[in-house]
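A closer look at the structure
Given next are the chains, with one letter for each unit.
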Amino acid sequence: MSRIILANKLKERFYIVEYYFGQNMFIGTTRLFGAPIMFALGLWFLYSEASQMSLLYSGILILYSVFFGLRPWAMLYFKRSMFETSVFNVEISADGIKFWDEEYQNFYDYTSIVAIEKRKEYFVIKLKNKKEIYLPKAQLDSSEISILMKRSI
């Protein structure tokens, strides 16, 4: 049994890492380099005199690239309630994973877990209902880490 304390700054960092690097290679590359490329194309359309529509295309590309680039940071700012500090207990066994705090208790057997992904500092537990639970390795004991390592992708 381990007590997990996810501070708000830690949750924010996990969110940003997962946003850019938690998906497949194509999505991650698009999220990292898409906004700068769109912005550069918008500037190119703005300063080229190919057609009358260049101003419209450049405006759309520049505005969308700013939106696309700032989207994860806007999420951190506008959805502050998602990133509040949370404290819960976890027990990882061969049968499944049990989470509980003062009010709620949930048990997930491994058939209800879509994936357990191993990252450098933490594990991501992806559930069938599209929820993700982050478990920092530093807050787990060695037996729990070994069980998660065997079950991870």
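To keep things clear, this report deals only with the structure shown in the data block. (Residues numbered from 1 in each chain as written. Predicted model: local features only at pLDDT ≥ 70, side-chain atom pairs only at ≥ 80, totals over all residues. Heavy atoms only, no water.)

**Thoughts on the packing of helix α1 (residues 8-21) against helix α2 (residues 25-47)**
For the pair α1 and α2, interaxial distance at closest approach is 7 Å and the crossing angle is 105 degrees. When the axes of α1 and α2 are compared, the pair comes out roughly perpendicular. Mapping the contact onto sequence places Y19, Y20 and F21 in α1 and G28, R31 and L32 in α2. For the contact of α1 with α2, a count of residues per class yields four nonpolar, one polar and one charged. (Axes fitted to C-alpha atoms, helices over the stretch in contact; angles between N-to-C directions. Helix = DSSP H or I, 4+ residues; strand = E, 2+ residues; numbered from the N terminus. Parallel < 35°, antiparallel > 145°, perpendicular 65-115°, else oblique. Contact = heavy atoms within 4.5 Å. Nonpolar A, V, L, I, M, F, W, Y, C, P; charged D, E, K, R; others polar.)

**Quick word on the environment of V66**
Within the secondary structure, V66 is located in helix α3 (residues 54-78). Residues V66 and E103 lie 37 residues apart in sequence; the distance between their C-alpha atoms is 41 Å.

**Let's talk about α3**
With 25 residues, α3 should reach 36 Å at 1.5 Å per residue; the first-to-last C-alpha distance of 33 Å fits that figure. A bend of about 55 degrees at R71 is the largest found in α3, and the proline P72 appears one to four places after it. Taken together, the buried positions of α3 are occupied by S54, S58, L61, I62, S65, F68, P72 and L76. Packed against the buried residues of α3 are α1 and α2. (Expected span 1.5 Å × (residues − 1). Bend = angle between axes of the 7 residues up to and from the residue. Buried < 20%, exposed > 50% of the residue type's maximum accessible area, 1.4 Å probe, protein only.)

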